[in-house]
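# Observations on the model geometry
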Amino acid sequence: MDQDARLQAARQRMVQDQLIRRGIRSQPVLEAMLHVPRERFVQTLDPEEAYSDQALPIECGQTISQPYMVALMTEALSLSGKERVLEVGTGSGYQTAILARLAAEVVSLERHAELSVRAKQVLAELGCRNVELVVGDGTLGWPARAPYDRILVTAGAACVPQPLWEQLAEGGILVIPVDCGDGQILERITKRSGRAVREALTGCRFVPLVAGMPPVPDA
Ligand code: SAH
């Protein structure tokens, strides 16, 4: 088998064994995950390792989320294809690529310029055009393009940052991992008549959402 066929087979196994078997039902989400080449977003010794059932380290001490978590969060957003989505925590850009296939447009914020630049390059190489990558502090959101129909935070927060809540459209959905006692819980919060309707989805473990920008590196 050549490399492309091996990676295609690895993607199929990932979808079957990690996503369908654990209850991911949304056909568009499964198709997106079958299509996006995860190995382009993470450097591993063997590209097939990119499809292993875990989060993996990327630059700047951050991680690319576990495939199942990406699928679960994406499914929780209930995308129809018409939405404007704000993602906080671009990281590798993998989740961004999945969102871009399922929504009208995606704005993605990342506080590490190095990660944002690299993600932008990979997304451009893959022909992903409906994304805007912004270097900035995601706890402030990105008011320039608000309101957003959906907001996805891919880093663990102590609570929902107020600016994100304000930038969420009426009827919109916010998915965010929130600290709780001894871990984090992934929450889906729907804005109904200006009020938050909260649902707990699962326990999880994300790198922390850090307010502010990283210090400027030494010359
Ligand atoms: N969706 C990404 C997950 C990356 S990990 C992927 O699967 O690759 C979470 C990312 O959130 C990290 O890259 C981290 O730098 C970023 N992050 C943490 N706090 C942030 C903040 N306040 N603003 C923007 N990005 C932030």
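Residues numbered from 1 in each chain as written. Predicted model: local features only at pLDDT ≥ 70, side-chain atom pairs only at ≥ 80, totals over all residues. Heavy atoms only, no water.

Turning next to the packing of aromatic side chains. Following the criterion strictly, the structure yields 1 aromatic pair and no others. Where Phe 41 meets Tyr 94, the ring centres are 5.8 Å apart and the plane angle is 70°; that geometry is what we call edge-to-face. Here Phe 41, found in the loop between helix H2 (27–35) and strand E1 (56–57), pairs with Tyr 94, found in helix H4 (residues 94–102); they are 53 residues apart in sequence, far enough to count as distant. Across the pair, exposure class does not vary: Phe 41 and Tyr 94 are buried alike. Positioned above the aromatic ring of Tyr 68 is the side chain of Arg 22, whose terminal nitrogen or guanidinium carbon lies 5.2 Å from the ring centre. (Phe/Tyr/Trp six-rings, centres within 6.5 Å; stacked < 30°, edge-to-face > 60°. Helix = DSSP H or I, 4+ residues; strand = E, 2+ residues; numbered from the N terminus. Buried < 20%, exposed > 50% of the residue type's maximum accessible area, 1.4 Å probe, protein only. Lys NZ or Arg CZ within 6 Å of the ring centre and 35° of its normal.)

Strand order in the open sheet formed by 7 strands is E5-E4-E3-E6-E7-E8-E9, with mixed pairing between adjacent strands. Lying at the two open borders of the sheet, with one neighbouring strand each, are strand E5 (131–135) and strand E9 (195–204). Averaged over all pairs of adjacent strands, the angle between strand axes in this sheet comes to 15°, irrespective of strand direction. The pairing of strand E7 (residues 168–180) with strand E8 (residues 183–192) spans 8 bridges and is antiparallel. Residue pairing across strands places Asp 179 opposite Gln 184, the latter belonging to E8. Strands in contact with helix H3 (residues 67–76) are strand E6 (148–153), E7, E8 and E9; relative to E9, the strand with the most contacts, it is inclined by about 160°. (Pairing = 2+ DSSP bridges. Axes fitted to C-alpha atoms, helices over the stretch in contact; angles between N-to-C directions. Contact = heavy atoms within 4.5 Å.)

What follows covers the site of the ligand. The immediate surroundings of the ligand are formed by 25 residues, with Thr 63, Ser 92, Glu 110, Gly 138 and Val 210 found nearest. Taking Arg 111, its main chain carries an N or O atom lying 3.3 Å from a nitrogen atom of the ligand. Coverage of the ligand by the protein chains reaches 99% of its 580 Å² of free accessible surface. For the shell around the ligand, the per-class residue count stands at 8 nonpolar, 13 polar and 4 charged. (Near = heavy atom within 4 Å. Polar contact = N/O pair within 3.5 Å; in protein donor to acceptor, adjacent residues only side chain to side chain. Areas by Shrake-Rupley, 256 points an atom, 1.4 Å probe, with all protein chains shown as cover. Nonpolar A, V, L, I, M, F, W, Y, C, P; charged D, E, K, R; others polar.)

A full pass over the atoms with the stated rule returns 12 salt bridges. Between Glu 83 and Arg 150 there is a salt bridge, with the nearest N and O atoms lying 3.8 Å from each other. Here Glu 83 is found in the loop between H3 and strand E3 (84–88), whereas its partner Arg 150 is found in strand E6, with 67 residues between them in sequence. For the pair formed by Glu 83 and Arg 150, the shared burial category is buried. Within the structure, one salt-bridge network assembled from shared partners comprises Arg 84, Glu 105, Glu 132 and Arg 145. (Salt bridge = Lys/Arg side-chain N within 4 Å of Asp/Glu carboxyl O.)

Turning to the pairing of strand E4 (residues 105–110), a few remarks are in order. By the criterion of burial, E4 is predominantly enclosed, with 5 of the 6 residues buried. Note that the unit made of E3, H4 and E4 has a crossover that is right-handed. With 5 bridges connecting them, E4 and E5 associate as parallel partners. The residue of E5 that forms the bridge with Ser 108 is Leu 133. Taken together, E4, helix H5 (residues 113–125) and E5 form a β-α-β motif whose crossover is right-handed. (Right-handed = clockwise from strand over helix to strand, strands pointing away.)

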